[in-house]
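These are the residues of each chain, in order.
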Amino acid sequence: GAGVSQTPSNKVTEKGKYVELRCDPISGHTALYWYRQSLGQGPEFLIYFQGTGAADDSGLPNDRFFAVRPEGSVSTLKIQRTERGDSAVYLCASSLTSPGGLSTDTQYFGPGTRLTVL
Amino acid sequence: DAKTTQPNSMESNEEEPVHLPCNHSTISGTDYIHWYRQLPSQGPEYVIHGLTSNVNNRMASLAIAEDRKSSTLILHRATLRDAAVYYCILSKGNTPLVFGKGTRLSVIA
């Protein structure tokens, strides 16, 4: 079946602009995660949705970052007033995890969106 | 979150077994040990996980020390396609994964 998809695959923007990154999780997966990966580093957690609600947004670096998942499926990560330091690969993952879920729930990752802020 | 320690890099010859170590001395009783890998220009992919007993699947084997303070991911016959960054992660489930820098595995033909 189809895996996690992310669009666009690449996004180049100018400092100060607004961007939206989209994630389509695997159908039926209730949990959705956003991570950010800088060059040479492992992915870093941003925000986690269980259904439509943000269960944990402690990884968002500041209030320029916001994410939504209005219908419990597709999610959009929104970055306002982009800065050069926001340049990274933004990864989305989904899993079947339900509330009180198991430690065995595997996360399935998309290919990422490479964001470059000039 | 309990931390893991892995070597920065390792090298293997093609067709030979590879043992990737991971130390997690502060692991708690409810932490599962997960391994993910990331091929170049791709998102991470699940490899294997375990709690206390050794585990085998089609991709790899996971050997867990009796005291659970360390584990080893075993690739039985490395291929060029196994060249990737391998991440050892402790997870209680239903929580975000905490990635370190992982081990970059190079496979030589």
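Below is a summary of the structure that appears in this document. (Residues numbered from 1 in each chain as written. Chains lettered and ligands numbered in written order. Predicted model: local features only at pLDDT ≥ 70, side-chain atom pairs only at ≥ 80, totals over all residues. Heavy atoms only, no water.)

So, about the environment of A31(A). Residues and elements named next belong to chain A. With respect to the helices and strands, the residue A31 is situated in strand β4 (residues 31–37). Classification of A31 by relative accessible area gives buried; the value is 0%. The spatial distance from the C-alpha of A31 to the C-alpha of T52 is 9.1 Å, given a sequence separation of 21 residues. (Helix = DSSP H or I, 4+ residues; strand = E, 2+ residues; numbered from the N terminus. Buried < 20%, exposed > 50% of the residue type's maximum accessible area, 1.4 Å probe, protein only.)

This next bit is on the interface of chain B and chain A. Taken together, the contact pairs 20 residues of chain B with 25 residues of chain A. Between chain B and chain A lies a buried interface of about 1,600 Å² when both sides are counted; carbon and sulfur atoms form 53% of it. Of all residues in chain B, N94(B), P96(B) and F99(B) give up the largest surface area on contact with chain A, accounting jointly for 34% of the area buried on that side. Counting every contact that joins chain B to chain A gives zero salt bridges. Across the chain B-chain A interface, the total number found is five residue pairs in polar contact (both at pLDDT 80 or more). (Contact = heavy atoms within 4.5 Å. Buried area = accessible area lost by both parts, 1.4 Å probe. Salt bridge = Lys/Arg side-chain N within 4 Å of Asp/Glu carboxyl O. Polar contact = N/O pair within 3.5 Å; in protein donor to acceptor, adjacent residues only side chain to side chain.)

Quick look at the sheet that holds strand β2 (residues 18–23) of chain B now. Backbone-to-backbone hydrogen bonds pair the strands of a sheet. The strands run either parallel or antiparallel. All names here are of chain B. Spatially, the four strands line up as an open sheet ordered β2-β7-β6-β5, and their pairing is antiparallel. Only two strands of the sheet have a single partner each, and these edge strands are β2 and β5 (55–56). Summarising the sheet, β5 and strand β6 (residues 61–64) pair through two bridges and their orientation is antiparallel. By the bridge assignment, V55 is partnered in β6 with L62. (Pairing = 2+ DSSP bridges.)

Residues and elements named next belong to chain A. The sheet built from four strands is open, its strands ordered β1-β3-β8-β7 with antiparallel pairing. At either margin of the open sheet sits one strand with a lone partner, and together these are β1 (5–7) and β7 (65–68). Neighbour-to-neighbour, the strand axes of the sheet open up by a mean angle of 15°, direction not taken into account. In the sheet, strand β3 (residues 19–24) pairs with strand β8 (residues 75–79) via five bridges, with the strands oriented antiparallel. In the strand pairing of β8, R22 is matched with T76. (Axes fitted to C-alpha atoms, helices over the stretch in contact; angles between N-to-C directions.)

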